[in-house]
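Structural overview
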Amino acid sequence: MNWQTELNNSFLWLISALCCVSAGLLLAGWLLKQTEFGLRFWHITRPCWQKSHKTKTLGLLLLLIFLILLEVRISVLNTFFYNGLYKSLQDKAVEAFWFFAGINALLVVVKIIHSIINYFLTQSFEIKWLEKLNGEMLNRWLQNKNYYLLQYEKTLPDNIDQRIEQDATAFVSGTVEVVRGVINSIVATIEFTIILWGLSGLLTLFGVDIPKGVVFFIYLFIIFATALSVWIGRPLIRLNFNKEKLQGDYRYSLIRVRDNAESIAFYSGESREQRNLTAKFDYIIANRWKIVRKMLGLDGFNTGVTQVAMILPLMLQAPRFFAGQATLGDMHQTVQSFNRLMRALSFFRLFYEEFTLYQARLNRLYGFFTTLDKLDQMPVNAPYPCSRGFVLKDVGVEDASGQILLKNINIELQAGDSLLIQGASGTGKTTLLKALAGIYPFETFGVAERACLEQPLFLPQRPYVPQGSLREAICYPNLVVTDEQLKAAMQQCCLSKYVDSLDFDTDWQATLSPGELQRVAFVRILLAKPELIFLDETTSALDEPTEAILYQTIRSRLPNSIIISVGHRCTLQQFHNKRINLSERESYCCMNCR
């Protein structure tokens with residue numbers, strides 16, 4: 001082998017290597033799909049692949065593989081050029097020295113250009129993949145109210161925000177890094193084994209002559225080091241999985257303190273919260289010490305192997321050099337090839353810690369998707385059949401274990417009617433409202449009918465307002481109104497002091513008081529003009545005069561709307577013409593309030 005032959009054969013080598021690697025990846029992918037790891041990986045990536053532009057994706061993948069192969073080829077040529085450079089030094093050939101120095105300088109320029117193009121294309125691939133994966137996760141999480149139903153799952157995936165944001169990003173970049181490393185390692189192993197095979201001669205160990213013994217010795221050394229490293233680092237898989245989970249739990253607890261700061265301050269619960277947060281942080285520290293103890297052995301072993309690798313090839317080739325069978329250039333090429341071969345064969349050993357994190361993230365994402373798959377298989381609440389008004393006939397609800405919570409509920413409401421549902425705490429008032437809204441996750445039975453209306457409006461006790469301006473908060477999720485309509489509704493609902501702050505961007509959920517948030521809910525009623533309104537203790541934070549103003553306003557502005565309210569106050573009865581008390585009997589029928 002010489003540098004001219006290697007340089008002339010480079011293009012043909014790149015094309016044939018690209019074909020072989022592509023075929024190898026297809027075979028490896030098929031084999032991986034037969035394993036648990038492969039099935040989980042495919043479960044996560046399949047939606048992205050199905051929704052991608054397959055021709056462009058395959059083209060970009062082939063280009064990325066080509067760049068990996070080009071990097072290996074440049075490294076191979078680099079060893080031959082340095083061989084010539086050092087041989088010219090030994091021979092004191094001035095012209096040859098400057099020739100090879102120029103070629104190596106040119107190769108540096110090629111490496112720089114290759115590095116820039118490779119970085120740009122790799123980042124482009126990762127960004128496009130992340131966009132699709134994030135879109136799929138958000139879509140699956142938000143559709144069919146899965147984000148709400150997840151809280152009823154016994155095996156609730158922990159830290160959903162972390163899975164969507166951190167785990168997805170790390171999974172994409174980790175996959176690219178693993179595949180790139182495997183391809184690079186396999187191709188480099190083949191290429192540099194061939195080079196070492198040509199450079200090595202007879203190796204004598206303990207009086208035994210071994211042809212090409214340098215190559216066999218290097219392989220045994222690296223395989224032994226890799227196997228021992230895997231054995232030392234195996235417990236890190238579980239420890240790193242726990243690390244991600246415990247950090248997410250701690251972060252979530254901190255967020256809860258921030259979101260409930262006012263309540264904690266009133267209770268003077270700082271010491272209790274500090275104990276709780278300290279306990280969760282202690283779990284993180286304990287797990288981290290376990291990782292440190294395992295990493296002491298792994299890092300120490302890896303450092304030792306790396307240091308030995310710096311001197312080992314020279315020691316193995318020294319007898320041939322002193323015997324005049326190898327040149328100074330051959331010695332330098334041996335060191336370069338050995339180090340590159342060792343890096344290739346040691347890829348998994350050196351990458352083991354990162355791979356444990358990668359596997360932990362893959363398992364977390366798989367758990368996220370399988371939980372959503374389970375929710376998607378749940379029966380979807382059928383739409384209400386059309387009828388006049390709003391009718392419930394012998395309706396009941398069950399809990400997760402199948403026990404009946406409510407039964408024999410009979411309601412018949414016409415346009416303009418208003419129903420008040422009352423009862424002691426825990427009798428199922430909000431549960432019934434959830435069932436009527438179609439978001440109750442367990443079994444319901446009976447007949448429910450309503451007029452063929454647009455989407456009814458359901459308002460909880462603490463209305464939600466999104467991030468953004470006050471205008472966006474009030475018009476959530478998709479109300480389209482004029483400034484005049486918006487300001488008029490705010491004045492009617494006792495929010496006049498905020499009419500000049502409609503475009504002010506802040507955290508309105510934290511800025512507005514509970515009573516003001518409930519007034520925002522009534523503004524939405526006036527703007528949306530729904531024909532069916534469900535109110536779940538929506539005036540619990542209001543004084544009675546304001547409550548009266550708001551109910552009278554919606555009754556006068558929306559005289560034909562049906563209102564169904566849940567509440568404890570007796571003052572609510574004057575705004576409703578029908579009432580049900582869930583505490584009084586097993587069969588529930590409407591009673592006239594007037």
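Now for a quick tour of the structure. (Residues numbered from 1 in each chain as written. Predicted model: local features only at pLDDT ≥ 70, side-chain atom pairs only at ≥ 80, totals over all residues. Heavy atoms only, no water.)

**Here's the deal with the nonpolar core**
Membership of the largest hydrophobic core comes to 47 residues, with the highest contact counts inside it found for Trp13, Leu69, Phe81, Val187, Ile218 and Met342. For this core, the elements supplying multiple residues, two or more each, are helix 2 (10–32), helix 4 (54–91), helix 5 (94–142), helix 7 (160–199), helix 8 (213–233), helix 9 (236–259), helix 11 (270–322) and helix 12 (328–345). With ten residues, helix 4 is the single largest residue contributor to this core. Apart from residues no more than four positions distant in its own chain, Trp13 is found in contact with Leu69, Val72, Arg73, Val187 and Glu191. (Core = buried A, V, L, I, M, F, W, Y, C linked by side-chain atoms within 4.5 Å. Buried < 20%, exposed > 50% of the residue type's maximum accessible area, 1.4 Å probe, protein only. Helix = DSSP H or I, 4+ residues; strand = E, 2+ residues; numbered from the N terminus. Contact = heavy atoms within 4.5 Å.)

**Considerations on helix 12**
Taking 1.5 Å as the rise per residue, helix 12 with 18 residues should run 26 Å; its terminal C-alpha atoms sit 26 Å apart, in good agreement. The buried fraction of helix 12 is high, at 13 of 18 residues. (Expected span 1.5 Å × (residues − 1).)

**Quick notes on the packing of helix 8 against helix 11**
Between helix 8 and helix 11, whose axes approach to 10 Å, the crossing angle comes to 175 degrees. Judged by the angle between their axes, helix 8 and helix 11 are roughly antiparallel. In contact with Val214, Phe217, Ile218, Phe221, Ala225, Leu228, Ser229, Ile232 and Gly233 of helix 8, helix 11 contributes Lys294, Gly297, Leu298, Phe301, Asn302, Val305, Val308, Leu312, Leu316 and Gln317. Here the residues of the contact of helix 8 with helix 11 sort into 13 nonpolar, five polar and one charged. (Axes fitted to C-alpha atoms, helices over the stretch in contact; angles between N-to-C directions. Parallel < 35°, antiparallel > 145°, perpendicular 65-115°, else oblique. Nonpolar A, V, L, I, M, F, W, Y, C, P; charged D, E, K, R; others polar.)

**Points about the pattern of salt bridges**
For the structure on display, the rule yields eleven salt bridges. In this structure, the salt-bridge partner of Arg340 is Glu71, at a minimum N-O distance of 3.2 Å. Of the two residues, Arg340 sits in helix 12 while Glu71 sits in helix 4, which places them 269 residues apart along the sequence. A single salt-bridge network, built from bridges that share partners, covers Arg471, Asp483 and Asp503. (Salt bridge = Lys/Arg side-chain N within 4 Å of Asp/Glu carboxyl O.)

**Concerning unusual backbone geometry**
Going from Tyr476 to Pro477, the amide bond is cis rather than trans, its omega being 0 degrees. One can find Pro477 in the loop between helix 16 (470–474) and helix 17 (483–492). Unlike most non-glycine residues, Cys494 shows phi in positive territory, near 65 degrees. Mapped onto the elements of the fold, Cys494 is located in the loop between helix 17 and strand 9 (505–506). What makes Cys494 partly exposed here is its relative accessible area of 29%.

**Observations regarding the environment of Arg361**
Relative to the helices and strands, Arg361 resides in helix 14 (residues 352–376). Judged by relative accessible area, Arg361 falls into the buried class, the value being 17%. For the pair Arg361 and Leu236, spaced 125 residues apart in sequence, the C-alpha separation works out to 13 Å. In contact with Arg361, other than residues within four places in its own chain, are Asp167, Ala170 and Glu244.

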